[in-house]
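Each chain is listed here by its residues.
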Amino acid sequence: PSITVNIAARRLYLYDERAALVKTYPVAVGSPRYRTPIRAQAMRTIVWNAWWMPPPSPWAQHDKPTPPGKHNPLGNIKMPIGASLMLHGTNQPQSIGTAASHGCIRLFTQDAWELARWLQSHSTTPHSDALFQAYARNRHRSVSVQLGATIPVDLVYDYVEIRADQLHVYHDIYARIGNKWAHIMQTLAAHGDAAD
């Protein structure tokens, strides 16, 4: 499986082993001040009922480690994809669909659990309904699961997308696109469509 996050669209796309789209999730991405990096990452671990540990950043210098629970900024689940970068749930559901994080990819907590469950179920790691129910029941017990294979996670910034023969133009949240009209025309041309 693989994941693509289109930062400009604030959407996460999950693909199966045959590169077929499984599901699309709305996400929150890094704010213009704390931008989500545009690069290829990799996921190897899922942490169920995760503690939130304040990163060594000025914005978190007065924060304290937070155990799993309703005040946990991770929504109790995290999927690390780099040094201090991760996909995770949130205790701020109103932020989903916006550029509001400190660089991480936030999902609705229910979506994050669903995504993690799907990824673990499609790996060589042990998985069963009983196991997932145990994670949900024992909310104070953190469980770190190493996935059998690395999941590629591409963080892209596609200001324009053509999906299912529909043209999508997103808000240029990081002000990266100079001539927006030319960018739209180039995307159409690359897809074999004329501007008219």
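Owing to the predicted nature of the structure, the values given are computational and were not obtained by experimental measurement.

## Details of the environment of Gly 75
(1) Moving on: In this structure, Gly 75 sits in the loop between β4 (40–48) and β5 (77–80).
(2) Moving on: For Gly 75, a relative accessible area of 6% gives the class buried.
(3) Moving on: It is 32 Å that separates the C-alpha atoms of Gly 75 and Ala 164, two residues lying 89 residues apart in sequence.
(4) Moving on: Discounting residues that sit within four places of it in the chain, Gly 75 has contacts with Gly 89, Thr 90, Asn 91, Thr 109 and Trp 113.

## Focus on the side chain of Ser 123
(1) Moving on: Tracing the sequence through the fold places Ser 123 in the loop between α1 (109–121) and α2 (129–137).
(2) Moving on: In this structure the side chain of Ser 123 is engaged in a polar contact, spanning 2.9 Å, whose partner is the backbone oxygen of Gln 120.
(3) Moving on: Here the side chain of Ser 123 touches Thr 125 through a polar contact of 3.1 Å, landing on its backbone nitrogen.
(4) Moving on: Here Ser 123 is in contact with Leu 147 and Gly 148, once residues within four sequence places are set aside.

## Notes on the pairing of strand β2 (residues 11–15)
Walk down a regular strand and you will see the side chains alternate between the two sheet faces.
(1) Moving on: For β2, the buried fraction is high: four of the five residues fall into the buried class.
(2) Moving on: Judged from the five bridges that link them, strand β1 (residues 2–6) and β2 form a sheet pairing that is antiparallel. In the sheet register, Ile 3 faces β2, and the bridge partner there is Leu 14.
(3) Moving on: In this antiparallel pair of consecutive strands, β1 and β2, the connection spans four residues, and Arg 10 shows a positive phi of 55 degrees.
(4) Moving on: The pairing of β2 with strand β3 (residues 21–30) spans five bridges and is antiparallel. Bridge pairing in β3 links Arg 11 to Pro 26.
(5) Moving on: What sits between the antiparallel neighbours β2 and β3 is a turn of five residues, in which Ala 19 has the positive phi angle 65 degrees.

## Here's the deal with the packing of aromatic side chains
(1) Moving on: Using the criterion set out here, one finds six aromatic pairs in the structure.
(2) Moving on: The interplanar angle of 65 degrees and the centroid separation of 5.0 Å between the aromatic rings of Trp 48 and Trp 113 together place this pair among those described as edge-to-face. Within this pair, whereas Trp 48 is found in strand β4, its partner Trp 113 is found in helix α1, the two being separated by 65 residues in sequence.
(3) Moving on: Its relative accessible area of 12% is what places Trp 113 among the buried residues.
(4) Moving on: With a centroid separation of 4.7 Å and 20 degrees between ring planes, the pair formed by Trp 48 and Tyr 135 is classed as stacked. Here Trp 48 is found in strand β4, whereas its partner Tyr 135 is found in helix α2, with 87 residues between them in sequence.
(5) Moving on: Since its relative accessible area comes to 1%, Trp 48 is described here as buried.
(6) Moving on: Three or more aromatic residues joined by ring pairs make a cluster, and in this case those are Trp 48, Trp 113, Phe 132 and Tyr 135.
(7) Moving on: Its end group placed over the ring of Trp 113, Arg 139 keeps NZ or CZ at 4.5 Å from the ring centre.

Rules used in this analysis
Residues numbered from 1 in each chain as written. Predicted model: local features only at pLDDT ≥ 70, side-chain atom pairs only at ≥ 80, totals over all residues. Heavy atoms only, no water. Helix = DSSP H or I, 4+ residues; strand = E, 2+ residues; numbered from the N terminus. Buried < 20%, exposed > 50% of the residue type's maximum accessible area, 1.4 Å probe, protein only. Contact = heavy atoms within 4.5 Å. Polar contact = N/O pair within 3.5 Å; in protein donor to acceptor, adjacent residues only side chain to side chain. Pairing = 2+ DSSP bridges. Phe/Tyr/Trp six-rings, centres within 6.5 Å; stacked < 30°, edge-to-face > 60°. Lys NZ or Arg CZ within 6 Å of the ring centre and 35° of its normal.

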